[in-house]
Amino acid sequence: MISLDDIESARERIAGAAVRTPLVRLHVDAPAEIWLKLENLQPIASFKIRGAANAVRVADPAEVEAGLVTASAGNMAQGVAWVARELGVPATIVVPEHAPATKLGAVERLGGRVMRVPYADWWRAIEESRVSGVDGLFVHPVEDEGVMAGNGTIGLEILEDLPDPDAVVVPYGGGGLVTGIASALRPLRPETRVYAVEPETGAALNAALAAGEPTKIDYRPSFVDGSGSPTVLPGMFARVRELIDGAFTASLDETAAAVRLLAERTRVIAEGAGGLAPAAALAGRAGEGSVVCVVSGGNVDMSTLGPILAGQTPS
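Residues numbered from 1 in each chain as written. Predicted model: local features only at pLDDT ≥ 70, side-chain atom pairs only at ≥ 80, totals over all residues. Heavy atoms only, no water.

A. Molecular detail of the overall build of the protein chain. Secondary structure assignment for the protein chain yields 13 helices and 10 strands. Over its C-alpha atoms the protein chain spans a radius of gyration of 18 Å, differing by no more than 12% from the 20 Å that the globule rule assigns to 315 residues. Based on the C-alpha atoms only, the size of the protein chain along its principal axes is roughly 50 × 40 × 40 Å. Sequence-distant contacts in the protein chain: of pairs separated by 6 or more residues, those separated by 24 or more amount to 73%. Working note: accessible area of the protein chain is about 11,700 Å², and carbon and sulfur atoms make up 47% of it. Charged side chains in the protein chain number 26 positive and 39 negative. The centres of these two groups are separated by 4 Å. (Helix = DSSP H or I, 4+ residues; strand = E, 2+ residues; numbered from the N terminus. Rg over C-alpha atoms; globule rule 2.2 N^0.38 Å. Contact = heavy atoms within 4.5 Å. Areas by Shrake-Rupley, 256 points an atom, 1.4 Å probe, with all protein chains shown as cover. Lys, Arg positive; Asp, Glu negative; His and termini not counted. Charge placed at Lys NZ, Arg CZ, Asp CG, Glu CD.)

Right, dumping it as structure tokens:
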């Protein structure tokens, strides 16, 4: 668990980078009263700016001067590039070959250098917290405690706007987001259930919880590029399993339908991972009562969004 003091300090530290996002009601016939925490409204259209800004601002300035490095499918890449531009230092971003063009274009506009690598090499960089041959401070997209503390500021904001939620549902990529949010909720509102949700095509956390330990799964990349993986990071699994009340999966059809519904009902554009929590809540998996769904980001290629809005599920 990340300490509440660290999360509250992070809120002060990231001021001027991250914004306080709104919590809005999704008016729809559903088993629960659904609320949306709109992290897609951040300056980089993703919650990742919270963790990136906190991790870099708390780091040794001498390390930061050499530049920033991360491995990311796109959203942490933008967060690190945004902070690097603010500080006037270079940013090198290692991305998997299937990373969306929208996210990569945003990184390049922010001045970041993009390195495309095979998925296995990208995952190795995440496991090893380094990129061979690249100098600079490696900002881990998940396991850095500064990143998790920054993510936890979302939990503080949720409770300020809705003091007694019955459940909070969080998309799961590597575990840093749900760890941060749950670390804020547990001491302040222990009655609130916290759930993680993954695409069924990459539900490594669900598999690990069922097995009692990290296990390999048959991971298939999809338009839900910000969530899902072939296995969980062992260190994160040890944290997450103690903090959450359970995990769900959402099908690609359910996730596409949730993205479409958010666009139709609230005029909110969510990327695939951002549609996971609403998809689970709409299906009733998070139970009844008031359920907060974290819409983690809105960086989606138009070539992906178009078919979804037309009623299709991207392959």
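Now, onward.
B. Representation of the sheet that holds strand β3 (residues 68-71) within the structure. Ordered by their spatial adjacency, four strands build an open sheet running β5-β4-β3-β6, and the pairing between neighbours is parallel. Both outer strands of the open sheet, β5 (113-117) and β6 (137-138), are each paired with one neighbouring strand and no more. Judged from the two bridges that link them, β3 and β6 form a sheet pairing that is parallel. Each residue of the ladder has a partner; that of L68, found in β6, is L137. Strand contacts of helix α4 (residues 75-87): β3 and β4 (91-96), with the helix running at about 175° to β3, the strand carrying the most contacts. Seen against the sheet, helix α5 (residues 101-109) touches β4 and β5 and runs at an angle of roughly 145° to β5. (Pairing = 2+ DSSP bridges. Axes fitted to C-alpha atoms, helices over the stretch in contact; angles between N-to-C directions.)

C. Fine view of unusual backbone geometry. Positive phi, close to 55°, is recorded for S129, a residue that is not glycine. Residue position: S129 is located in the loop between α6 (119-128) and β6. Its identity as a non-glycine residue notwithstanding, R267 has a phi of 60°, on the positive side. Along the polypeptide, R267 turns up in the loop between α11 (252-266) and α12 (276-282). Classification of R267 by relative accessible area gives exposed; the value is 68%. (Buried < 20%, exposed > 50% of the residue type's maximum accessible area, 1.4 Å probe, protein only.)

D. Structural detail: the packing of helix α1 (residues 4-13) against helix α7 (residues 145-161). Axis separation between α1 and α7 bottoms out at 8 Å; the angle between their running directions is 90°. The angle between the axes of α1 and α7 places the two elements in the roughly perpendicular class. Residues L4, D6, I7, E8, A10 and R11 of α1 lie in contact with α7, whose contacting residues are A149, G150, G152, T153, L156, E157 and E160. (Parallel < 35°, antiparallel > 145°, perpendicular 65-115°, else oblique.)

E. Spotlight on the environment of W82. Along the polypeptide, W82 turns up in helix α4. Each C-alpha atom of the pair W82 and L261 lies 30 Å from the other, and the pair is 179 residues apart in sequence.

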